Amino acid sequence: MTNPPNVIYLPYSLTLRAALMLSELSGDSPSGATLKYIPGSSIRGAVAARLLKSGTAEQDDVFQTLILSDQVRYLNCYVGIDKKRSWPVPLSWRVSKEEQQIAWDSIYFCGTDPIPKHGSNSATDWPENAGGAIGYLCCAPTTSSEYHVVCKPQVDGRVHQQRDRVKGRPGTSAQATGEVRHGKIFAREYLEPGQTFYGVVQLMPAAHAYLEHVRSLLTGSLYLGRSLRAGYGGDLEVVCDETTGHEYDYAKGIVRNDLAPGQRFRVLLTSPFVGRDPITGQLDPCAIEQELVQLFDHRVTVLARRWAFTVIGSFNRKWRLEVPQAPALFPGTILVLIASGHIAQRDLRHIEHEGIGERKTEGCGRLVFLEYDERNKKNEPSIRIKPVDPQGLVTEIVQVNTSTVAHSAALQFAEQRVVLQAALQGLEQTMWRLWEKTDSKTIPNPTILGKLRVPLRAATDEPSAANALVVLRDLCTDDRDNSGTATHNRIERLKRCQLSEGTLQDWLNQMTAAHFCGAGSWQLLSKQIPQSNLSVLPCNVHITTAEAATRLLEDNIRFLKVRLIDSVLAALQKKAKQG
């Protein structure tokens, strides 16, 4: 592929080591959806924050060139397929409900030839089974054994509760208009950690001298998205690659030769398009047709289009203000053009490098020119789809990165506090299932239960909890006190008390057993309480990753067991007193 000189593309990979939340629209609704890709505006903002933190002033030439000029453009990051940057699935791809592996491209279909003008109501323009969207967001620019590999990023959600910072819980406050309630439940989507996205930075001729500077700014960890203090987007590893002459230099199907008069070709939008009506000056995504015609000096005509619309916007972290939102064409929009005159390949490359529309610095207006396959004119289902399991793409990354990430001490302390507090609350809410059916007449007297609880009260951390469990085990197996005299027939009383999982003595012996503190100990503790949902607790309360939360629970399993045993014994004392 021949390329116009003096245009450099710096590709890089971005691995999510923490959940990333990039809210669509303003992100202020009770249920915030996240973008399925990383927009160039987020990368641009992260680079600007890193420059300002290093001492670079906004008036410096470096900041002006890398952030505020049009000489450096930060293109969108899409999920990687075969360690390469994917592009959006064309919106014209359709698939039937019966056969999900074979699709057809509706951009080629028409009952007549040439393709009718936009707005035709002919019944022959569409097949009886129009099909539906394939359900995947990204596809590989190359084919693998005649298959088009498609995938979609992994997305999960988490429910949050807004609480009063002083009370630590939802509450109300008295106002002049009455009681005002503080606190609400809201959900947030996020991109799961472990995934790798691939992006590109475009450097125009005036910015070539800053290539190594840009490379240094895109090395290490970046902070993206919202709610960084809550653990979102706080650990993203960026690795730069060698420069190239085109953002998709490895793609197949790109027009590589001159176009003759009467030859058709396709235009695929690889990022949102923001345009304005040339007459009114108002934002109008449909202005893409007029802009393409003008860029080709009226040597092309738009024959067909398959498009969708969205709204894009961003957030200025420094000013704490939202960037004005704008209607845009959805990535994956595809158009069919026919050349009415000779079009040189260098003209196509020039338009691809320059982009179209507005907000080019943020990665908008990117497009590629693709060949028009005449064989698909009759609407034959010739697209063979090979979905890739997203878990298969990230399994290796998760195994390598999530276990070796060295989080800051403050983040580790905050996660430990949140996870342990949630675990203790979960244990207190479910431990009643152990003794709910216990006969109050078989419960040991308060003297025995109080003696068992004495060593537990001194446990404030993991080492002291380990000592408390040793003392408690001795009390459950030896029926004599320190002086060697018999005491209240303690063992017999513990054997008479029946819990839902056996006798009180058997349960205490099992809880104090040494094998209970090894790997998987949290799962063993969760199984001690029937019909509880403690096994999914790490997935709901973690700050960094669910695996890190599980490790915290297993590292503090002795302390959690002490608190659980003490709660059960206290409940038995209260039940015996009430009769």
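Refer to the structure printed above.
Only a predicted model underlies this, so the values are computations on that prediction, with no experimental measurement involved.

Analysis parameters
Residues numbered from 1 in each chain as written. Predicted model: local features only at pLDDT ≥ 70, side-chain atom pairs only at ≥ 80, totals over all residues. Heavy atoms only, no water. Helix = DSSP H or I, 4+ residues; strand = E, 2+ residues; numbered from the N terminus. Buried < 20%, exposed > 50% of the residue type's maximum accessible area, 1.4 Å probe, protein only. Contact = heavy atoms within 4.5 Å. Areas by Shrake-Rupley, 256 points an atom, 1.4 Å probe, with all protein chains shown as cover. Axes fitted to C-alpha atoms, helices over the stretch in contact; angles between N-to-C directions. Parallel < 35°, antiparallel > 145°, perpendicular 65-115°, else oblique. Left-handed = near helix turned anticlockwise from the far one by under 90°. Nonpolar A, V, L, I, M, F, W, Y, C, P; charged D, E, K, R; others polar. Core = buried A, V, L, I, M, F, W, Y, C linked by side-chain atoms within 4.5 Å. Pairing = 2+ DSSP bridges. Salt bridge = Lys/Arg side-chain N within 4 Å of Asp/Glu carboxyl O.

Participant: It is not clear to me how the overall build of the protein chain should be interpreted in this structure. Could you clarify?
Facilitator: In terms of regular secondary structure, the protein chain is built from 16 helices and 26 strands. Burial status across the protein chain gives 48% buried among its 579 residues. The contacts of the protein chain with a sequence gap of at least 6 include a subset with a gap of at least 24, amounting to 77%. With the model as given, the accessible surface of the protein chain reaches about 28400 Å², and the carbon-plus-sulfur share is 50%.

Participant: Would you mind showing me how to read the packing of helix H12 (residues 504–511) against helix H16 (residues 557–578) here?
Facilitator: A packed helix pair is summarised by two numbers, namely the angle formed by the two axes and the spacing between the axes. Following both chains from N to C, one finds H12 and H16 inclined at 165 degrees, their axes separated by 11 Å at the closest point. What the angle tells us is that H12 and H16 run roughly antiparallel. Judged by the twist between their axes, the crossing of H12 over H16 is left-handed. Between H12 and H16, the contacting residues are Leu504, Trp507, Leu508 and Met511 on the first element and Lys561, Leu564, Ile565, Val568, Leu569 and Leu572 on the second. Class assignment of the residues belonging to the contact of H12 with H16 gives a composition of 9 nonpolar, no polar and 1 charged.

Participant: Whenever I open this one, the nonpolar core confuses me. Can you help?
Facilitator: Nonpolar side chains in soluble globular proteins tend to end up buried together. Ranked by internal contacts, the top residues of the largest apolar core, which has 67 residues, are Tyr12, Leu14, Ile38, Ile43, Leu66, Val201 and Leu218. Once you skip the residues sitting within four places of it in the chain, leucine 14 turns out to touch Ile38, Ile43, Gln195, Thr196, Phe197, Leu224, Leu236, Glu237 and Val238. Ranked by size, the runner-up nonpolar core spans 44 residues in total, among them Ala459, Leu469, Leu504 and Leu552.

Participant: Help me out: how do you make sense of the pairing of strand S19 (residues 300–306) in this one?
Facilitator: Successive residues of a regular strand alternate their side chains across the two faces of the sheet. Counting buried residues in S19 gives 6 out of 7 residues, a clear majority hidden from the surface. Across 6 bridges, the pairing between S19 and strand S22 (residues 334–339) is antiparallel. Bridging across to S22, arginine 306 finds its partner in isoleucine 334.

Participant: Please explain the sheet that holds strand S18 (residues 264–269) as it appears in this structure.
Facilitator: Within a beta sheet, neighbouring strands are joined by backbone hydrogen bonds and run either parallel or antiparallel to one another. A sheet is described by the order of its strands in space; here 4 strands give the open sequence S19-S22-S18-S23, paired in antiparallel fashion. Both edges of this open sheet fall to S19 and strand S23 (367–371), since each of them pairs with a single strand only. For this sheet the average axis-to-axis angle between neighbouring strands, irrespective of direction, equals 30 degrees. Bridge count between S18 and S22: 5 bridges; the pairing is antiparallel. By the bridge assignment for S22, leucine 268 is matched with isoleucine 334. Along the sheet, helix H4 (residues 288–295) contacts S18, S19, S22 and S23; its crossing angle with S19, the most-contacted strand, is approximately 150 degrees.

Participant: Looking at this structure, I do not really get the pattern of salt bridges. What am I missing?
Facilitator: In total, this model carries 15 salt bridges according to the counting rule given. A salt bridge links glutamate 189 to lysine 36; the shortest N-O distance between them is 3.9 Å. You can see glutamate 189 sitting in strand S14 (residues 185–191) and its partner lysine 36 sitting in the loop between strand S2 (31–32) and helix H1 (40–53), a full 153 residues away along the chain. Across the pair glutamate 462 and arginine 558 runs a salt bridge, and its minimum N-O distance is 3.3 Å. Placement of the pair is glutamate 462 in helix H10 (residues 462–477) and arginine 558 in helix H16, with a sequence separation of 96 residues. Using a relative accessible area of 29% as the deciding quantity, one classes arginine 558 as partly exposed.

Participant: Would you mind showing me how to read the packing of H10 against H12 here?
Facilitator: Packing of H10 against H12 brings their axes to within 9 Å, and their N-to-C directions diverge by 150 degrees. In terms of axis orientation, H10 runs roughly antiparallel to H12. The way H10 lies across H12 gives a crossing that is left-handed. Of the residues in H12, those touching H10 at Leu472, Arg473, Cys476 and Thr477 are Gln505, Leu508 and Asn509. Each residue belonging to the contact of H10 with H12 can be placed in one class, and the counts come to 3 nonpolar, 3 polar and 1 charged.

Participant: Where do I start with the environment of valine 150 in this structure?
Facilitator: With respect to the helices, strands and loops of the structure, valine 150 is situated in strand S10 (residues 147–151). Valine 150 sits in the buried class, given a relative accessible area of 0%. On a C-alpha basis, the gap between valine 150 and isoleucine 385 in space is 6.9 Å, while along the polypeptide they are 235 residues apart. Once residues within four sequence positions are removed from consideration, valine 150 is found in contact with Val89, Trp93, Ile134, Tyr136, Cys138, Cys139, Ile385, Lys386, Pro387 and Val388.

Participant: Can you help me understand unusual backbone geometry in this one?
Facilitator: Across the chain, the bulk of peptide bonds are trans and the bulk of non-glycine residues have phi less than zero. The phi torsion at aspartate 297 lies on the positive side, around 55 degrees, for a residue other than glycine. Its place among the elements puts aspartate 297 in the loop between H4 and S19. Within the chain, histidine 298 stands out as a residue other than glycine whose phi angle is a positive 60 degrees. If you trace the backbone, histidine 298 turns up in the loop between H4 and S19.

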